Amino acid sequence: MSEINSKLEEMAKNRNQGCSVEEAIRAVLGDAIADQTESIRRMVHEINSEADRLEKKYSGRDVRIAVFEEIDEQCGKDIAAQFRRISDLKYVAGLRNLEYSKEELKEQGMDLDFVREMLTKTHDTEQGLAANATAGELETLRSELESILPEDREGIRDTVKRAAKDESWTPILETAEGAAAGITDEAREDLMILSAALLLSEQPQISAEEAAAAAAVHTAESEGDKAMDYVWMAIPAALAVTVTGLVLLCAAAITGLGILQGLGALTVIASTTVLSILALLAVSDIAYESVKKAIPYVKKALEEAKPHVKSAAEKVKKVIADVIGVFANKIYRPAVRWVKENAMPVLEENVIHPLKRRLEKMLVWLKEKKDQVVAFVRKAAAPEQTDAKEAEVVTDFDFETEAEENEQTQEEDADEDELAFT
């Protein structure tokens with residue numbers, strides 16, 4: 001299977017030979033998709049324009065600070081509106097980190113279906129709490145979002161460049177990046193539209209707007225020259241949480257389903273080179289051919305990207321841990337326990353949770369997911385345990401202790417029951 005989707009390649013070449021974007025789409029994907037070109041174009045243009053405005057506005061600023069300043073500006077002093085917006089962005093960041101690190105989490109024994117369900121359930125619950133959110137709850141949610149935003153958005157791209165140098169394929173990357181400097185905004189936007197059309201043709205259940213937003217996000221992510229959080233802020237809130245899952249599908253549609261399927265973080269790393277290079281179809285066939293030669297080498301960047309992958313995995317675990325427990329001095333303590341085998345989980349009275357209402361609303365769901373919750377706490381803590389005694393404590397940590405027994409031993413076991421997260 002071709003590394004680059006042959007349909008996208010054909011559409012781009014048609015565009016390069018003088019066809020309009022709509023004509024290029026119609027010739028390859030048919031009338032039904034081509035008829036949605038204008039809807040796709042409007043959404044792509046709207047997202048790009050807003051992202052450009054935000055990037056210029058906050059140029060030179062720490063993007064994490066900028067995100068919150070923009071939320072404050074958009075929502076004013078409306079606590080409910082701020083709470084909803086931050087919850088949306090936290091959900092998006094959590095899912096992105098999950099896609100970056102799913103292979104690492106698998107290696108740690110994490111149940112990815114549970115993790116994904118937990119992120120979704122948490123987001124749904126937070127949206128229900130927003131109308132009556134307090135200032136204190138808002139501050140907690142802001143802290144949770146800040147702690148999981150990526151610190152270094154250029155890190156993965158730098159890893160690819162290092163691998164290129166080590167493997168002596170730097171000239172290929174330099175040829176591609178040199179040609180990329182000549183890409184016009186119009187050519188970049190055309191590519192987003194073609195990519196969205198391809199995604200729409202392969203995922204007919206989604207809307208043109210969703211496909212356009214996914215293509216815009218994936219392009220920005222892979223090009224590395226536009227802060228991703230600005231792009232997410234530019235997407236209408238109603239679309240943001242549905243687009244997240246489509247971004248990986250967009251990558252698969254563009255790169256071909258064979259080369260990257262199931263590789264987790266490598267999908268992101270490889271597409272950093274691949275998607276930005278596709279824009280070169282509008283600039284230089286020679287550069288494009290050079291890039292196709294580079295794709296197999298990108299696989300070798302995976303091991304060097306481990307620090308980025310591990311960081312994303314820790315952020316995923318923290319999202320879940322924040323919901324079911326609290327951190328203090330790098331020590332984690334669950335805020336729920338089960339009194340007996342099939343009982344409803346109850347809150348630990350001596351663990352003060354800053355978003356107690358969220359946890360209370362999720363108790364029925366947590367009852368259904370008891371085994372997964374217990375497994376998560378143990379597995380999330382275990383990789384950091386280096387002392388044999390500590391590891392034994394993790395293994396013996398009991399969520400099924402009877403209430404009476406729990407009360408009698410609570411004080412003497414207080415220190416031993418602490419599960420370390422970092």
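So, about the overall build of the chain. The helix and strand inventory of the chain stands at 23 helices and 5 strands. The buried share among the 422 residues of the chain stands at 53%. Summarising the internal contacts of the chain: among those between residues at least 6 apart in sequence, 75% fall at separations of at least 24. Of the roughly 18800 Å² that the chain leaves accessible, carbon and sulfur atoms contribute 48%.

All right, on to the confidence of the model for the chain then. On average, residues of the chain score 77 in pLDDT, and 67% of them reach the 70 mark or higher. A low-confidence stretch, residues 257-265 stays under pLDDT 50, and its non-local contacts, those more than four residues away or across chains, total 19 contacts. pLDDT under 50 marks residues 383-422. Its contacts with residues more than four places away, or in other chains, come to 62 contacts.

With that settled, the discussion passes to the pairing of strand E2 (residues 331-334). Of the two faces of E2, only one is covered, namely that formed by Tyr332 and Pro334; the face formed by Ile331 and Arg333 stays uncovered. Two strands pair when backbone bridges link them, and strand E1 (residues 325-328) and E2 are joined in this way by 4 bridges, in the antiparallel orientation. Directly across from Gly325, in E2, lies its bridge partner Pro334. The antiparallel hairpin formed by E1 and E2 contains 2 residues in its connecting segment, where Asn329 sits at a positive phi of about 55°.

What follows covers the nonpolar core. In this structure, Ile25, Ile40 and Trp232 are the most contacted members of the largest nonpolar core, which totals 66 residues. Ranked by the residues each element gives to this core, the list is headed by helix H12 (residues 208-223), at 9 residues. Ignoring anything within four residues of it in the chain, the contact list for Trp232 reads Arg85, Leu89, Val92, Arg96, Val217, Ala240, Val243, Thr244 and Val247.

Attention now moves to helix H8 (residues 135-148). For H8, built from 14 residues, the straight-helix expectation of 20 Å at 1.5 Å per residue is met to within 8% by its first-to-last C-alpha distance of 21 Å. Along H8, the positions that sit buried rather than exposed are Glu137, Leu138, Thr140, Leu141, Arg142, Glu144, Leu145 and Ile148. For H8, the secondary structure elements touched by its buried residues are helix H5 (63-75), helix H6 (79-107), helix H7 (112-129), helix H18 (306-324) and helix H19 (356-361).

The next subject is the packing of helix H1 (residues 6-16) against helix H11 (residues 185-202). When two helices pack together, you describe them by how their axes are tilted relative to each other and by the distance separating the axes. Where H1 contacts H11, the axes come no closer than 10 Å and their chain directions differ by 145°. Of the two elements, H1 crosses H11, and the hand of that crossing is right-handed. For the pair formed by H1 and H11, the contact residues are Lys7, Leu8, Met11, Ala12 and Arg15 on the first element and Glu186, Asp190, Leu194, Ser195 and Leu198 on the second.

Glancing now at the packing of aromatic side chains. The full count for this structure, using the stated rule, is 3 aromatic pairs. Ring geometry for Phe114 versus Trp365: centroids 6.2 Å apart, planes at 10°, classification stacked. Separated by 251 residues along the polypeptide, Phe114 in helix H7 and Trp365 in helix H20 (residues 363-368) bring together distant segments of the chain. The same class applies to Phe114 and to Trp365, which are both buried. Between Phe114 and Phe376 the ring centres are 6.4 Å apart and the planes differ by 55°, which places this aromatic pair in the tilted class. Placement of Phe114 in helix H7 and of Phe376 in helix H21 (residues 370-381) is noted, with a sequence separation of 262 residues between them. Residue Phe114 shares its accessibility class with Phe376, and that shared class is buried.

What counts, and at which threshold
Residues numbered from 1 in each chain as written. Predicted model: local features only at pLDDT ≥ 70, side-chain atom pairs only at ≥ 80, totals over all residues. Heavy atoms only, no water. Helix = DSSP H or I, 4+ residues; strand = E, 2+ residues; numbered from the N terminus. Buried < 20%, exposed > 50% of the residue type's maximum accessible area, 1.4 Å probe, protein only. Contact = heavy atoms within 4.5 Å. Areas by Shrake-Rupley, 256 points an atom, 1.4 Å probe, with all protein chains shown as cover. pLDDT = per-residue confidence, 0-100. Pairing = 2+ DSSP bridges. Core = buried A, V, L, I, M, F, W, Y, C linked by side-chain atoms within 4.5 Å. Expected span 1.5 Å × (residues − 1). Axes fitted to C-alpha atoms, helices over the stretch in contact; angles between N-to-C directions. Left-handed = near helix turned anticlockwise from the far one by under 90°. Phe/Tyr/Trp six-rings, centres within 6.5 Å; stacked < 30°, edge-to-face > 60°.

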